[in-house]
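What follows is each chain in one-letter form.
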Amino acid sequence: APLLAVTVGSALLGTAYSAPPLRLKRFPLFAALCIIVVRGTLVNLGFYAHAAQAVGGALLPPRACWAALFFGLFGCVIAVVKDVPDVGGDRKFEIKTLSVRLGAVTVMGWGTRLLSMTLALAAASSIYAAITATSGLLC
């Protein structure tokens, strides 16, 4: 059931993102949400739940939620910087992307900082998990 939900959910959001009549990629907020939901949460949690179900494990333990958070933040990076390479064409065709509105350099700066924070969070949480997992061994 989780794999079917992931497949159907991804297909529906992908269609809503790209195809008329909705074509959500025209709207920066909805485009970003589609990217974040599919790449960050739906795919990661759904595939994890599918694999866990196959081996009889817990469907969504904390580590799966942490992974979804990481990839959700990574999806935010993708959503922020995805239009940077297209800024010339978007400006020419009057598509008001974040990159057109704020400038490619500013948007890349945001994306770089968000990616750095995401990676720092992942590193810090990994270090914390390692320390707490071995804290009984250190005493």
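Structure report, in brief.

Rules behind the numbers
- Residues numbered from 1 in each chain as written.
- Predicted model: local features only at pLDDT ≥ 70, side-chain atom pairs only at ≥ 80, totals over all residues.
- Heavy atoms only, no water.
- Axes fitted to C-alpha atoms, helices over the stretch in contact; angles between N-to-C directions.
- Helix = DSSP H or I, 4+ residues; strand = E, 2+ residues; numbered from the N terminus.
- Parallel < 35°, antiparallel > 145°, perpendicular 65-115°, else oblique.
- Left-handed = near helix turned anticlockwise from the far one by under 90°.
- Contact = heavy atoms within 4.5 Å.
- Nonpolar A, V, L, I, M, F, W, Y, C, P; charged D, E, K, R; others polar.
- 1 Å grid on protein atoms, 1.4 Å probe; cavity = no way out; pocket = protein on both sides within 12 Å on 5 of 7 lines; lining within 4 Å.
- Points joined across faces, edges and corners; volume = space filled by probe spheres on them.
- Buried < 20%, exposed > 50% of the residue type's maximum accessible area, 1.4 Å probe, protein only.
- Salt bridge = Lys/Arg side-chain N within 4 Å of Asp/Glu carboxyl O.
- Core = buried A, V, L, I, M, F, W, Y, C linked by side-chain atoms within 4.5 Å.
- Expected span 1.5 Å × (residues − 1).
- Phe/Tyr/Trp six-rings, centres within 6.5 Å; stacked < 30°, edge-to-face > 60°.

Looking now at the packing of helix α2 (residues 28-55) against helix α3 (residues 62-81). The contact between α2 and α3 brings their axes to 8 Å, and the two run at 155 degrees. Comparing the axis directions of α2 and α3 gives the class roughly antiparallel. As for how α2 packs across α3, the hand of that crossing is right-handed. On α3, the residues touching A32, I35, I36, R39, G40, T41, N44, L45 and Y48 of α2 are R63, A64, C65, A68, F71, G72, G75, C76, I78 and A79. Looking at side-chain class alone, the contact of α2 with α3 contains 12 nonpolar, 5 polar and 2 charged residues.

On to the layout of surface pockets. Approximately 450 Å³ is the volume attributed to the largest pocket. K25, P28, K82, D83 and T97 are the residues nearest the centre of the largest pocket, which is lined by 22 residues in total. Counting residues per element, the ones that place at least two in the lining of the largest pocket are α2, α3 and α5 (98-102). For the lining of the largest pocket, the element with the highest residue contribution is α2, accounting for 4 residues. When its residues are assigned to classes, the lining of the largest pocket shows 11 nonpolar, 2 polar and 9 charged.

As for its placement among the helices and strands, T97 is situated in the loop between α4 (87-92) and α5. Given the relative accessible area of 7%, T97 is considered buried. T97 has contacts with D83 and D90, leaving out every residue within four places of it along the chain.

Counted according to the given criterion, the structure contains 1 salt bridge. Note that K82 is salt-bridged to D83, the shortest N-O span being 2.9 Å. Of the residues examined, K82 reaches a relative accessible area of 23% and is grouped as partly exposed.

Attention now moves to the nonpolar core. Ranked by size, the top nonpolar core spans 9 residues in total: A16, Y17, L24, A31, A32, C34, I35, I36 and A79. Of all the secondary-structure elements, those providing two or more residues to this core are α1 (2-18) and α2. Per-element accounting of this core gives the leading share, 5 residues, to α2. For A16, the contacting residues outside a window of four places in its chain are L22, R23 and L24.

The end-to-end C-alpha separation of α3 is 29 Å, in line with the 28 Å expected for 20 residues at 1.5 Å each. Among the residues making up α3, those that are buried are A64, A68, G72, G75, V77, A79 and V80.

Using the criterion set out here, one finds 3 aromatic pairs in the structure. Aromatic side chains F27 and F30 sit 6.3 Å apart centroid to centroid with 90 degrees between the ring planes, which places their arrangement in the edge-to-face category. Taking the relative accessible area as the measure of exposure, F27 reaches 38% and is therefore partly exposed. Ring centres of F70 and F74 lie 6.3 Å apart, and the angle between their planes is 15 degrees; this geometry places the pair in the stacked category. Here F70 and its partner F74 are both found in helix α3, 4 residues apart, which amounts to about one turn of the helix. Take F74: its relative accessible area is 33%, and that puts it in the partly exposed class.

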